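Reading the structure
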Amino acid sequence: MPVSVKNSEVLFAALKSAGITLLSALPETWLVHVMEMAEDDPDMTLIRLNKEEEGVGISTGAHFAGRKSAMLMQNHGLLTSVNGIVSVAQLYRIPLLMVISYRGEMGERDPWQTEGGRITEPLLQSLGIIYRKLSDPAIVAYEVRQAQTLAESSLRPVALLLTRDLMWEE
Amino acid sequence: MLREDALKAVYPRLKSQVTVTIMGAVAVELYNLGHQPNFFYLEHGMGLASSMGLGLAVSLPKEKVTVLDGDGSVLMNLGSLSTLARYRPPNLTHWIFDNESLLSVGGFPTATGTGTDLAGIAEKAGAEHVTLADTVEAAEQAFAEASERDGLSIIVSKVEAIGPLSFAMDINLLENRFEFARHIQGLAS
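Parameters at a glance
Residues numbered from 1 in each chain as written. Chains lettered and ligands numbered in written order. Predicted model: local features only at pLDDT ≥ 70, side-chain atom pairs only at ≥ 80, totals over all residues. Heavy atoms only, no water. Buried < 20%, exposed > 50% of the residue type's maximum accessible area, 1.4 Å probe, protein only. Helix = DSSP H or I, 4+ residues; strand = E, 2+ residues; numbered from the N terminus. Pairing = 2+ DSSP bridges. Right-handed = clockwise from strand over helix to strand, strands pointing away. Salt bridge = Lys/Arg side-chain N within 4 Å of Asp/Glu carboxyl O.

Before going further, it helps to examine the pairing of strand β1 (residues 18-21) of chain B. Residues and elements named next belong to chain B. Because side chains alternate across β1, one face comprises the buried residues Val-18 and Val-20, and the other comprises Thr-19 and Thr-21, equally buried. Pairing of β1 with strand β3 (residues 65-70) involves 4 bridges; the strand directions are parallel. Looking across to β3, one finds that Thr-19 is bridged to Thr-66. Crossover β1 to strand β2 (residues 39-41) through helix α2 (residues 25-33) is right-handed.

In structure tokens form, the structure reads like this:
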């Protein structure tokens, strides 16, 4: 499977160095290595979800307990989480860090991913969620740190979109 | 049983637990019994109170966490019962008040009124300790056992579809949010 192990390691290390100790996730091809790393790391709690929106509640509870967490999901998981994002994370001002695999963008070969890809950025924009696209592994740690800093100072969700350039090796 | 009477019976115990309620009648009835800084009323995000409880419970292993839920909310996020059963935080009690109704929006009947069995679903999801408690005495005992238990507890109580006369609460939702977070982080540190 040509998912980049090296860049998955970069991403996982970046999440850890940002102090994140809890990840909620639903398996997705691009995220399998990160999830396995989380599962194998005794300092990381991984909660595997049935549906991504649960992760909004879990991260909210973790935040109230003073713990740093992130949601790890595909952009279709973002779509299914919208009500939770709006009516829990935004309503209650939760610094929700969302790390999202950006399927359906340039270079996507799976037809079923393309509709979700087309509307991911417009959706984030209409929700007023500030986001960055991550393509260059050299600045992943920096971008994760910056995103978390903004989430915590603004007390709002912030998103990082993992692009094909970062996650996939042809 | 009236939910209010069950809450009254367990209030002395609940007072010292990290507690999350759903919106509507449950929130108002608990608030009217006496607000505590460790009470959080989730006024929207239907279905996510149990997920919040999971996030709190795994992050606060030394605290008892209780979620006061309802049939409408649980039906909206049934997968959460399965996630709870999968991770079974030993310090979490998930108490579902089942009035077979979406009471706070006008009393429309839910699927528990036509046969959906939430306790059965919780059991089949893999939860080990599922208790039915439909009287005040049974509720008091089930909650006492849940509070002492080192294991995930799920309580399902059939209650009458009767709520408070007013849904007004003299607490802003952000006030509740920041007070709760500050209090909980004090417990954690």
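This part covers the pattern of salt bridges. On inspection of all chains with the given rule, the structure shows 15 salt bridges over all chains. When the shortest N-O distance is used, the salt bridge between A:Lys16 and A:Asp41 registers 2.5 Å. Here A:Asp41 lies in the loop between α2 (32-40) and β2 (45-48) and A:Lys16 lies in helix α1 (residues 5-17), a separation of 25 residues in the sequence. In this structure, B:Arg13 and B:Glu148 form a salt bridge, with 3.2 Å as the shortest nitrogen-oxygen distance. Here B:Arg13, found in helix α1 (residues 3-14), pairs with B:Glu148, found in helix α7 (residues 136-148); they are 135 residues apart in sequence, far enough to count as distant. Given a relative accessible area of 35%, B:Arg13 falls into the partly exposed group. Each of the salt bridges in this network shares a partner with another, and the network as a whole consists of A:Glu28, A:Arg103, A:Glu108, A:Asp110 and A:Arg164.

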